[in-house]
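Report on the structure
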Amino acid sequence: MGKRLTRITTRTGDDGTTGLATGPRVPKDSVRIEVMGDVDELNSVLGMVLSSAIPRAQAGWLLEIQHDLFDLGGELAMPGESLLPDDRVAWLEDRLEEVNANLPPLREFILPGGGPAATSCHLARAVSRRAERHLVRLARDETVTTAARQYLNRLSDLLFVLARFLAREAGDGEVFWRSRRVRGTDAAKEDD
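The following refers to the structure shown. (Residues numbered from 1 in each chain as written. Predicted model: local features only at pLDDT ≥ 70, side-chain atom pairs only at ≥ 80, totals over all residues. Heavy atoms only, no water.)

A closer look at the packing of aromatic side chains
- Scanning the entire structure with this criterion turns up one aromatic pair.
- It is Arg88 that lies over the ring of Trp91; its NZ or CZ is 4.3 Å from the centre.
- Across the ring face of Trp61, the terminal group of Arg95 is positioned such that the distance to the ring centre comes to 5.7 Å. (Phe/Tyr/Trp six-rings, centres within 6.5 Å; stacked < 30°, edge-to-face > 60°. Lys NZ or Arg CZ within 6 Å of the ring centre and 35° of its normal.)

What follows is the structure in structure tokens.
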């Protein structure tokens, strides 16, 4: 078993650097640390989704994803290591197809909403997309696994369809975007 934290406050980061798991210290605002923070934030937002009442199967998926994200965070903390197996991308794709097969075709843009679980899922999707953008930026200068890039991309897709599913499951329904022209017409009708 690896070394465990015995002290949380070490004061070693007071100089604006933080230590990677492999030993070297890097600036806290480096792209690598930014991606690690995004992945940590994404994992936390998934915890918010899980704190809502959601179906057991989807809760199980999200817990699996939280473990995957922890592995991805470890991979980022240990440059050169590969901790996220390639088959996890295919697993996400299978879940994506499973959820999407039971949803009506998307004909309109969707706004974040549809109840607490769906809204939190939309937030997780947005954080996942940010994490992916920062990972791509990191990959310009450093080696990043293909599985890591693909995983975050597929995860944001899965979270989008899962938000749609959760909005419908909760009975709140999806919140569709309406153009300003249509919104203006609806407001005029309400005034009559």
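Once the structure has been displayed, the description carries forward.
Section: the packing of helix H1 (residues 31–50) against helix H4 (residues 116–141)
- The interhelical angle for the contact between H1 and H4, taken along N-to-C directions, is 165°, at an axis separation of 9 Å. The angle between H1 and H4 falls in the class roughly antiparallel. Crossing of H1 against H4: the hand is left-handed.
- For the contact of H1 with H4, the per-class residue count stands at 15 nonpolar, three polar and six charged. (Axes fitted to C-alpha atoms, helices over the stretch in contact; angles between N-to-C directions. Helix = DSSP H or I, 4+ residues; strand = E, 2+ residues; numbered from the N terminus. Parallel < 35°, antiparallel > 145°, perpendicular 65-115°, else oblique. Left-handed = near helix turned anticlockwise from the far one by under 90°. Nonpolar A, V, L, I, M, F, W, Y, C, P; charged D, E, K, R; others polar.)

Structural notes on the nonpolar core
- With 41 residues, the main nonpolar core has Leu42, Ile65, Leu69 and Leu166 as its most contacted residues.
- Those elements that provide at least two residues to this core are H1, helix H2 (56–77), helix H3 (87–100), H4 and helix H5 (146–169).
- With 12 residues, the top contributor of residues to this core is H5.
- Excluding residues within four positions of it along the chain, Leu69 makes contact with Val39, Leu42, Asn43, Leu46, Tyr151, Leu152 and Leu155. (Core = buried A, V, L, I, M, F, W, Y, C linked by side-chain atoms within 4.5 Å. Buried < 20%, exposed > 50% of the residue type's maximum accessible area, 1.4 Å probe, protein only. Contact = heavy atoms within 4.5 Å.)

Notes on the pattern of salt bridges
- Under the defined criterion, the tally for this structure stands at 11 salt bridges.
- Measuring nitrogen to oxygen at the nearest pair gives 3.4 Å for the salt bridge that ties Glu64 to Arg88. Remark: Arg88 occurs in helix H3 and Glu64 occurs in helix H2; sequence separation between them is 24 residues.
- Classification of Glu64 by relative accessible area gives partly exposed; the value is 38%.
- We classify Arg88 as buried; its relative accessible area is 14%.
- Notably, a salt bridge pairs Arg168 with Glu174, separated by 2.6 Å at the nearest N-O pair.
- For Arg168, a relative accessible area of 40% corresponds to the partly exposed category.
- Linked through salt bridges whose partners overlap, the residues forming this network are Asp38, Glu41 and Arg130. (Salt bridge = Lys/Arg side-chain N within 4 Å of Asp/Glu carboxyl O.)

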